[in-house]
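Below are the chains, spelled out letter by letter.
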Amino acid sequence: MSAIRPAAVVVLAAGEGTRMKSATPKVLHQICGRSLVGHVLATARELNPLDLVVVVGHAREQVTAHLGELDPQARTAVQEQQNGTGHAVRMAVEELGGAVDGTVVVVCGDTPLLTGETLRQLTAAHHADGNAVTVLTAEVPDATGYGRIVRDGVSGAVTAIVEHKDADESQRAIREINSGVFAFDGPLLADALGKLRTDNSQGEEYLTDVLGILREAGHRVGASVAGDHREIAGINNRVQLAQARRVLNDRLLERAMLAGVTVVDPATTWVDVTVSFERDAVVHPGTELHGSTLIGEGAEVGPRTRLTDTTVGAGARVDTTIAEGAQIGPETNVGPFAYLRPGTRLGPKAKVGTYVETKNAAIGEGTKVPHLSYVGDATIGEYTNIGAASVFVNYDGQDKHHTSVGSHCRTGADNMFVAPVTVGDGAYTAAGSVITKDVPPGSLAVARGQQRNIEGWVARKRPGSAAAKAAEAASGPGGSED
């Protein structure tokens, strides 16, 4: 069945979500790199609706601001008082100008596992069966607490949705439940919403009552069964949030593995929906990949690595590293225990080694910063070696300054490069130097005090100490430090 483009999708996101026990509105909690409502909007957009309306209420300023960043084309309808799902949909229909000519799909803003394919099947079944309303259902292992779907034994049409507390013994045996997701005929929906009553225990307008109103008017009410009952799961507390994260993460990793990515241990690997891979990438245990991260062909990342908005080039190796906003070139080696901060750009076959931190640094092809160094606000050319325990001193207490080191340079261990300073191509710097002046190409810079040995100092100043005894023994029989 081919999907029909809906006239509108309505996303219900007005609830407070008190069971989350959080200052953050429920629909703004995140899993796998998107808010709950962000996942639902992305799924809704797969239907390519003419209009997309999000009903907001609790903390609407926060939610509306988030929607503006997420999907500026989405419209909002305000539910001032949370008077039920039927009332919320009525607010959306009023925002759309009244009765909508076409199909109106209603989804919940806290169902991040819902897929576009399932919604397409819902709309296709709605049109194929000629329904006034089609409810998305699912068969669950345990239906306790859910509204049961009661069907006509001959036609298969839905005759009622019976809440658990109102169900008799035979109805409680039914495992098909209501998801809260519907496809409606637009004009019939608008008419039925005007007939909703509040004479119930909650004093609210229930959207599910629309089904009874339409059926009593002689219209057909149908159902479309989701293939995976987990898709319809709503998030009401932190336990369900973690469960949904696990399901979605497994779904993303399975998709990556089927596309040619090796994930050594899916149980300890976490990815966002916006992460992408090229074939033959390898992800080792304990790795988190977030934001717009891309792992190139044949690259290996992990173990114990967290990359955010980072590009890893083909054939690169990134081990036990934290990186944010970095570009790692092909065949480059990073880590273990490296920290790449925003603005780091590593050229092909470069190396950033153990306990090295970089920030706003361009490091050229084949250049090595092997260990125990900080490179900030710097440009380093090709095939240069930065000695151990080097620091690019970029901050004067008020402003940041830039350091440039050329190509084919060799800088000694324990160097301080006090910016702004330039080291020319092919230059060397001696170990222990504090470089405060530019170094011409091909020069050797030495910036340290001359060594002076004061012989006999330990014997005079620390007589009888372990050091004095060791020195006396080292001087040989009859020898002396003097």
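Report follows, based on the coordinates. These numbers come from a predicted model, not from an experiment.

Conventions and cut-offs
- Residues numbered from 1 in each chain as written.
- Predicted model: local features only at pLDDT ≥ 70, side-chain atom pairs only at ≥ 80, totals over all residues.
- Heavy atoms only, no water.
- Salt bridge = Lys/Arg side-chain N within 4 Å of Asp/Glu carboxyl O.
- Helix = DSSP H or I, 4+ residues; strand = E, 2+ residues; numbered from the N terminus.
- Buried < 20%, exposed > 50% of the residue type's maximum accessible area, 1.4 Å probe, protein only.
- 1 Å grid on protein atoms, 1.4 Å probe; cavity = no way out; pocket = protein on both sides within 12 Å on 5 of 7 lines; lining within 4 Å.
- Points joined across faces, edges and corners; volume = space filled by probe spheres on them.
- Nonpolar A, V, L, I, M, F, W, Y, C, P; charged D, E, K, R; others polar.
- Polar contact = N/O pair within 3.5 Å; in protein donor to acceptor, adjacent residues only side chain to side chain.
- Contact = heavy atoms within 4.5 Å.
- Phe/Tyr/Trp six-rings, centres within 6.5 Å; stacked < 30°, edge-to-face > 60°.
- Axes fitted to C-alpha atoms, helices over the stretch in contact; angles between N-to-C directions.
- Parallel < 35°, antiparallel > 145°, perpendicular 65-115°, else oblique.
- Patch = residues over 30% accessible without salt bridge, like charges linked within 9 Å, V, L, I, M, F, W, Y side chains within 5 Å.
- Areas by Shrake-Rupley, 256 points an atom, 1.4 Å probe, with all protein chains shown as cover.

**Quick look at the pattern of salt bridges**
Pairs can form between side chains of opposite charge whenever their charged atoms are close.
Move 1: Under the definition given, this model contains 17 salt bridges.
Move 2: For Asp51, the salt bridge is made with Arg75, and the minimal N-O distance between the two is 3.2 Å. Taken together, the residues Asp51 in strand 4 (residues 51-56) and Arg75 in strand 5 (residues 75-78) connect sequence positions 24 residues apart.
Move 3: With relative accessibility at 25%, the residue Asp51 sits in the partly exposed group.
Move 4: Across the salt bridge formed by Arg279 and Glu297, the nearest N and O atoms sit 3.2 Å from each other. In this pair, Arg279 is assigned in the loop between strand 14 (276-277) and strand 15 (282-283) and Glu297 in the loop between strand 17 (294-295) and strand 18 (300-301), connecting sequence segments 18 residues apart.
Move 5: For Arg279, a relative accessible area of 55% puts it in the exposed group.
Move 6: Three or more residues are tied together by salt bridges with common partners; here these are Glu46, Glu117 and Arg120.

**Section: the layout of surface pockets**
Move 1: Of the volumes computed, that of the second largest pocket is approximately 280 Å³.
Move 2: What lines the second largest pocket is a set of 16 residues, among which Arg34, Thr43, Glu46, Arg251 and Arg255 lie closest to the centre.
Move 3: Considering only residue class, the lining of the second largest pocket consists of six nonpolar, four polar and six charged.

**So, the side chain of Thr137**
Move 1: Here Thr137 shows up in strand 7 (residues 133-139).
Move 2: Under the relative-accessibility criterion, Thr137 is labelled buried at 0%.
Move 3: Side chain to side chain, Thr137 and Glu176 meet in a polar contact 2.6 Å long.
Move 4: Residues contacting Thr137, with those up to four places away along its chain left out, are Ile149, Arg151, Glu176, Ile177, Ser179, Ala223, Ser224, Val225 and Ala226.

**Overview of the packing of aromatic side chains**
Move 1: The tally for this structure, following the rule as stated, stands at three aromatic pairs.
Move 2: Ring geometry for Phe182 versus Phe184: centroids 5.5 Å apart, planes at 35 degrees, classification tilted. Each member of the pair, Phe182 together with Phe184, is buried.
Move 3: Centroid distance Phe392 to Phe417: 4.9 Å. Interplanar angle 35 degrees. Geometry classified as tilted. On the criterion of sequence distance, the pair formed by Phe392 in strand 30 (residues 391-393) and Phe417 in strand 33 (residues 416-418) is long-range, its members being 25 residues apart.
Move 4: By relative accessible area, which is 1% here, Phe392 ends up buried.
Move 5: Classification of Phe417 by relative accessible area gives buried; the value is 0%.

**A look at the side chain of Thr320**
Move 1: Inspection of the secondary structure puts Thr320 in the loop between strand 21 (317-318) and strand 22 (321-324).
Move 2: Using a relative accessible area of 10% as the deciding quantity, one classes Thr320 as buried.
Move 3: Apart from residues no more than four positions distant in its own chain, Thr320 is found in contact with Gly302, Pro303, Arg304, Thr305, Pro336, Phe337 and Ala338.

**Side note on the packing of helix 6 (residues 186-193) against helix 7 (residues 209-216)**
Move 1: Direction vectors running N to C along helix 6 and helix 7 enclose 105 degrees, while the axes themselves pass 10 Å from each other. Relative to helix 7, helix 6 is oriented roughly perpendicular. Residues Leu188, Leu189, Ala192 and Leu193 of helix 6 lie in contact with helix 7, whose contacting residues are Val210, Ile213 and Leu214.
Move 2: Of the residues belonging to the contact of helix 6 with helix 7, the class tally is seven nonpolar, no polar and no charged.

**What about a nonpolar patch on the surface?**
Move 1: Nonpolar side chains collect at one region of the surface, where Phe337, Tyr355 and Leu372 lie side by side and expose about 340 Å² of accessible area between them.
Move 2: Counting through the fold element by element, Leu372 comes out in strand 28 (residues 368-380).

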